[in-house]
Amino acid sequence: ELFHGPTFCFKDFGMRPVINLLSYFAELRSRPITLLVSTTGDTGPAAVHAVNDASNPLLTILVHYPHGQISDFQRKQLTTLQSNYV
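Enquirer: Pulling in residues and values, what's your account of the packing of aromatic side chains?
Expert: Taken as a whole and assessed by the stated rule, the structure comprises one aromatic pair. For the pair Tyr24 and Phe25, a centre-to-centre distance of 5.1 Å together with 75° between the ring planes defines the contact as edge-to-face. What makes Tyr24 partly exposed here is its relative accessible area of 46%. Take Phe25: its relative accessible area is 36%, and that puts it in the partly exposed class.

Next comes the structure, spelled out in structure tokens:
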């Protein structure tokens, strides 16, 4: 079962290693990285929560989603997270 991550989506398990690698290289090079994400589903919330959990001030994320075309649950996952990195 791959839906026990923070966003209840299997994409949590794929997104976390990618974000951790980006965080590692941002620190290694002392250069900020801003991710630009466009989503209509589960990928955006998984990316947002992975960046937040990385807690790296050099790594931030900006997410775009189509108004009215994602579920309320997904919208709330994207818009209610209190984070300096999102």
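Enquirer: How would you explain the environment of Thr60 if you had to name every residue and give the values?
Expert: If you trace the backbone, Thr60 turns up in strand E2 (residues 59–64). Put simply, Thr60 and Ile70 are ten residues apart on the chain and 22 Å apart in space, counted from C-alpha to C-alpha. Among residues more than four places away in sequence, those in contact with Thr60 are Ile33, Thr34, Leu35, Val51 and Tyr85. For Thr60, the side chain forms a polar contact with the side chain of Thr34, separated by 3.0 Å.

Enquirer: Break down a nonpolar patch on the surface for me, citing the residues and quoting the values.
Expert: A grouping of Leu21, Tyr24, Phe25 and Leu28 is seen on the molecular surface, where their side chains present a nonpolar patch of about 420 Å² in accessible area. By secondary structure assignment, the location of Tyr24 is in helix H1 (residues 11–29).

Enquirer: Give me the lowdown on the environment of Leu62, citing residues and values where you can.
Expert: In this structure, Leu62 sits in strand E2. Judged by relative accessible area, which is 46%, Leu62 ranks as partly exposed. Spatially, the C-alpha atoms of Leu62 and Tyr85 are 8.8 Å apart, while their sequence positions differ by 23 residues. When near neighbours in sequence (up to four residues on either side) are disregarded, Leu62 contacts Leu35, Leu36 and Val37.

Enquirer: Explain the pattern of salt bridges to me, using residue names and the numbers behind them.
Expert: In total, this model carries two salt bridges according to the counting rule given. Here Arg16 ties to Asp53 by a salt bridge, and the two come within 2.5 Å at their closest N and O atoms. Of this pair, Arg16 sits in helix H1 while Asp53 sits in helix H2 (residues 43–54), and the two are 37 residues apart along the sequence. A salt bridge links Arg75 to Asp72, with the nearest nitrogen and oxygen atoms 3.9 Å apart.

What counts, and at which threshold
- Residues numbered from 1 in each chain as written.
- Predicted model: local features only at pLDDT ≥ 70, side-chain atom pairs only at ≥ 80, totals over all residues.
- Heavy atoms only, no water.
- Phe/Tyr/Trp six-rings, centres within 6.5 Å; stacked < 30°, edge-to-face > 60°.
- Buried < 20%, exposed > 50% of the residue type's maximum accessible area, 1.4 Å probe, protein only.
- Helix = DSSP H or I, 4+ residues; strand = E, 2+ residues; numbered from the N terminus.
- Contact = heavy atoms within 4.5 Å.
- Polar contact = N/O pair within 3.5 Å; in protein donor to acceptor, adjacent residues only side chain to side chain.
- Patch = residues over 30% accessible without salt bridge, like charges linked within 9 Å, V, L, I, M, F, W, Y side chains within 5 Å.
- Areas by Shrake-Rupley, 256 points an atom, 1.4 Å probe, with all protein chains shown as cover.
- Salt bridge = Lys/Arg side-chain N within 4 Å of Asp/Glu carboxyl O.

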